[in-house]
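Fold and contact review
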Amino acid sequence: VAKVYCNITSTGTLGAGSYNVASLTDTGVGDATVVYDIDFSNGNHATFGHLLEGPGASVKILRHSGAGISSLRDTCDVAGTLTDVDRSHIGFGDQ
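Residues numbered from 1 in each chain as written. Predicted model: local features only at pLDDT ≥ 70, side-chain atom pairs only at ≥ 80, totals over all residues. Heavy atoms only, no water.

**Observations regarding the nonpolar core**
One finds Val 4, Cys 6, Ile 8, Val 21, Leu 24, Ala 32, Val 34, Tyr 36 and Phe 40 forming the largest nonpolar core, which totals nine residues. Elements supplying a minimum of two residues to this core: strand E1 (4-8), strand E2 (21-28) and strand E3 (31-36). For Val 4, the residues in contact, after removing those within four places along its chain, are Tyr 19, Asn 20, Val 21, Tyr 36, Phe 40, His 89, Ile 90 and Gly 91. (Core = buried A, V, L, I, M, F, W, Y, C linked by side-chain atoms within 4.5 Å. Buried < 20%, exposed > 50% of the residue type's maximum accessible area, 1.4 Å probe, protein only. Helix = DSSP H or I, 4+ residues; strand = E, 2+ residues; numbered from the N terminus. Contact = heavy atoms within 4.5 Å.)

**Some thoughts on the pairing of E3**
With respect to burial, E3 is a largely interior element, five of its six residues being buried. Across six bridges, the pairing between E2 and E3 is antiparallel. By the bridge assignment for E3, Asp 26 is matched with Ala 32. Counting the residues in the hairpin turn of E2 and E3 gives two residues, including Gly 30, whose phi is positive at 70°. (Pairing = 2+ DSSP bridges.)

**A short note on the side chain of His 89**
In this structure, His 89 sits in strand E7 (residues 87-92). Taking the relative accessible area as the measure of exposure, His 89 reaches 0% and is therefore buried. Polar contacts involving the side chain of His 89 include one to the side chain of Tyr 36, which spans 3.1 Å. (Polar contact = N/O pair within 3.5 Å; in protein donor to acceptor, adjacent residues only side chain to side chain.)

**As for the environment of Ala 2**
Its location among the elements puts Ala 2 in the segment before E1. Linking Ala 2 and Tyr 19, residues 17 residues apart in sequence, is a C-alpha distance of 9.0 Å. Leave out the neighbours within four places in its chain, and Ala 2 touches Tyr 19, Ile 90, Gly 91 and Phe 92.

**A closer look at the packing of aromatic side chains**
Tallying each qualifying case throughout the model produces two aromatic pairs. For the ring pair Tyr 36 and Phe 40, a centre distance of 5.3 Å and an interplane angle of 85° mean the geometry is edge-to-face. The class of Tyr 36 is buried, set by a relative accessible area of 3%. Judged by relative accessible area, Phe 40 falls into the buried class, the value being 2%. Here Phe 48 and Phe 92 contribute two aromatic rings whose centre-to-centre distance is 6.3 Å and whose plane-to-plane angle is 65°, an arrangement assigned as edge-to-face. Here Phe 92 lies in strand E7 and Phe 48 lies in strand E4 (residues 46-50), a separation of 44 residues in the sequence. On the accessibility criterion, Phe 48 (46% relative accessible area) is partly exposed. Relative accessible area serves as the criterion here: at 32%, Phe 92 is assigned to the partly exposed category. (Phe/Tyr/Trp six-rings, centres within 6.5 Å; stacked < 30°, edge-to-face > 60°.)

**Here's the deal with the side chain of Ser 88**
On the secondary structure map, Ser 88 appears in strand E7. Reaching out from Ser 88, the side chain makes a polar contact with the side chain of Asn 7 at a distance of 2.7 Å. Non-local contacts of Ser 88, meaning those with residues more than four positions away in its chain, are made with Tyr 5, Cys 6, Asn 7, Phe 48, Gly 49 and His 50.

In structure tokens, the structure reads:
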């Protein structure tokens, strides 16, 4: 069962249907910080990012520090530049 889920829009805001997300901060082009409402009990949890943008596009979890905070950073291989795109974030683990 997913413990956290959110959609992040290309404008850097939370999309509809978020679960267990306290806040989202757009920290730059292709970079956002998601703060969970209820923290994971320890650092042993898994988070994933997903986007549909075509060949070579990917979302990566760049920083993952402790329980409760995760930073997403999107990369796209269009000339190797970061870009803001719609993406999803999901997390599993003990709370």
